[in-house]
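Each chain, written out:
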Amino acid sequence: MLSLRLPLDEASPLKILCLGAHSDDIEIGCGGTILHLARQYPNAVFHWVVFSAVGVRAAEAKHSAALFAGTALRGPLLKAFQDGFMPFVGGEVKATFEKLKATSPDLILTHNLHDAHQDHRLLAELTWNTFRDHLILEYEIPKYDGDLGQPNLFVPLESEVCDKKVRYILEAFESQKNKLWFRQDTFFSLMRLRGMECNAPSGYAEAFHIRKVAIGSIR
Ligand SMILES: [Zn+2]
């Protein structure tokens, strides 16, 4: 399969906006892709936003963002919206999005429009509503509701990157370890299935939903 690459412009850094409703969403959904992009595009910067990060969850989100993005991290911007209630304060969430326009991202990593979690869906809707001339990839989050679909964009990952992703998640989000699903085999198994679906040489990949892409440009 022909691989598409993001343009590498040494003069101007690749700006990536990472959006997550809750403290560990970005990492679970696209942590491997972030590690991969950081390696492939050394001048990339990651603007990191978590909309519900309170108390210990805020400390964990901050620690994790630094682990994943390192010196390329911009932020993180941590908001304190109540978990599960974002659609009911949609105006305030939208106001945060309006401010994010200033980051002028080249690539946006966000939730899936068809995610079963209402907070995730709202962020996906507001991403499309706010950024109308941008490359948007929607990541997936495994969950009780069983909403995994059929993604159509794949990022093959080296095994070492997958190991690092899972190690960082388990290290950073100590407060989640009492959840039955919050285990390394959950994270590895989804990457393994997505790796099979795209013939990843390592066997592992992350997958996204992409709704619009333009190839080439006319100047
Ligand atoms: Zn979430």
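Our subject is the structure that appears above.
Residues numbered from 1 in each chain as written. Predicted model: local features only at pLDDT ≥ 70, side-chain atom pairs only at ≥ 80, totals over all residues. Heavy atoms only, no water.

Draft legend 1. Examining the sheet that holds strand β7 (residues 204–209) more closely. Taken together, 7 strands build an open sheet; the order of strands is β3-β2-β1-β4-β5-β7-β6 and the sheet is mixed. Each end of this open sheet is capped by a strand with a single partner; those strands are β3 (73–78) and β6 (153–157). With strand direction ignored, the average angle separating the axes of adjacent strands in the sheet is 25 degrees. Where β6 and β7 come together, 5 bridges link them in antiparallel fashion. Bridge pairing links L157 to Y204 in β7. (Pairing = 2+ DSSP bridges. Helix = DSSP H or I, 4+ residues; strand = E, 2+ residues; numbered from the N terminus. Axes fitted to C-alpha atoms, helices over the stretch in contact; angles between N-to-C directions.)

Draft legend 2. Layout of the coordination of the zinc ion. H22 (ND1), D25 (OD), D25 (OD) and H120 (NE2) make up the full set of protein donors to the zinc ion, lying at 2.0 to 2.4 Å. If you look at the zinc ion, its 4 donor atoms make angles of 56 to 135 degrees with each other, and the shape they trace is irregular. For the zinc ion, all donor residues lie on one chain, and their spacing in sequence is H-x2-D-x94-H. Note on accessibility: H22 and D25 belong to one class, buried. (Donors = N, O, S within 2.8 Å, 3.2 Å for Na, K, Ca; no water. Tetrahedral: all angles 85-135°; square planar, octahedral: opposite > 155°, others 65-115°. Buried < 20%, exposed > 50% of the residue type's maximum accessible area, 1.4 Å probe, protein only.)

Draft legend 3. Structural context of the nonpolar core. Ranked by internal contacts, the top residues of the largest apolar core, which has 43 residues, are I16, C18, I26, I34, F46, W48 and L109. In terms of residue count, helix α5 (residues 159–172) provides more of this core than any other element does, 7 residues in total. For W48, the contacting residues outside a window of four places in its chain are C18, I26, E27, I34, A65, F68, A69, L73, R74, P76 and L77. Counting 17 residues, the second largest nonpolar core, distinct from the first, contains L17, L19, V93 and L126. (Core = buried A, V, L, I, M, F, W, Y, C linked by side-chain atoms within 4.5 Å. Contact = heavy atoms within 4.5 Å.)

Draft legend 4. Quick look at a nonpolar patch on the surface. A contiguous nonpolar surface patch, about 360 Å² in accessible area, is contributed by L4, V213 and I215. Secondary-structure assignment places L4 in the segment before β1 (15–22). (Patch = residues over 30% accessible without salt bridge, like charges linked within 9 Å, V, L, I, M, F, W, Y side chains within 5 Å. Areas by Shrake-Rupley, 256 points an atom, 1.4 Å probe, with all protein chains shown as cover. Salt bridge = Lys/Arg side-chain N within 4 Å of Asp/Glu carboxyl O.)

Draft legend 5. The packing of aromatic side chains, seen in detail. Here the structure, examined in full by the defined rule, presents 8 aromatic pairs. Judged by centre distance (5.3 Å) and plane angle (15 degrees), the ring pair of F51 and F97 falls under stacked. With F51 in strand β2 (residues 45–52) and F97 in helix α3 (residues 90–100), this residue pair connects regions lying 46 residues apart in the sequence. Judged by relative accessible area, F51 falls into the buried class, the value being 0%. Measuring from ring centre to ring centre gives 5.3 Å for F68 and Y168, while their planes differ by 80 degrees; the resulting arrangement is edge-to-face. (Phe/Tyr/Trp six-rings, centres within 6.5 Å; stacked < 30°, edge-to-face > 60°.)

Draft legend 6. Fine view of the packing of α3 against helix α4 (residues 118–130). Where α3 meets α4, the closest approach of the two axes is 10 Å, and the angle between their N-to-C directions is 45 degrees. Relative to α4, the element α3 is oriented oblique. Between α3 and α4 lies a crossing whose hand is right-handed. In contact with G90, V93, K94, F97 and E98 of α3, α4 contributes L122, L123, L126, T127, N129 and T130. Here the residues of the contact of α3 with α4 sort into 5 nonpolar, 4 polar and 2 charged. (Parallel < 35°, antiparallel > 145°, perpendicular 65-115°, else oblique. Left-handed = near helix turned anticlockwise from the far one by under 90°. Nonpolar A, V, L, I, M, F, W, Y, C, P; charged D, E, K, R; others polar.)

Draft legend 7. Structural context of the environment of A102. Mapped onto the fold, A102 is located in the loop between α3 and β4 (107–110). Sequence separation of A102 and A58 is 44 residues, and the distance between their C-alpha atoms is 23 Å.

Draft legend 8. Summary view of the packing of helix α1 (residues 25–40) against helix α2 (residues 56–69). With their axes 9 Å apart at the nearest point, α1 and α2 run at an angle of 30 degrees to one another. Classified by the angle their axes make, α1 and α2 are roughly parallel. From α1, E27, G31, I34 and L35 reach across to α2, where they touch S64, A65 and F68. Of the residues contributing to the contact of α1 with α2, the split by class is 4 nonpolar, 2 polar and 1 charged.

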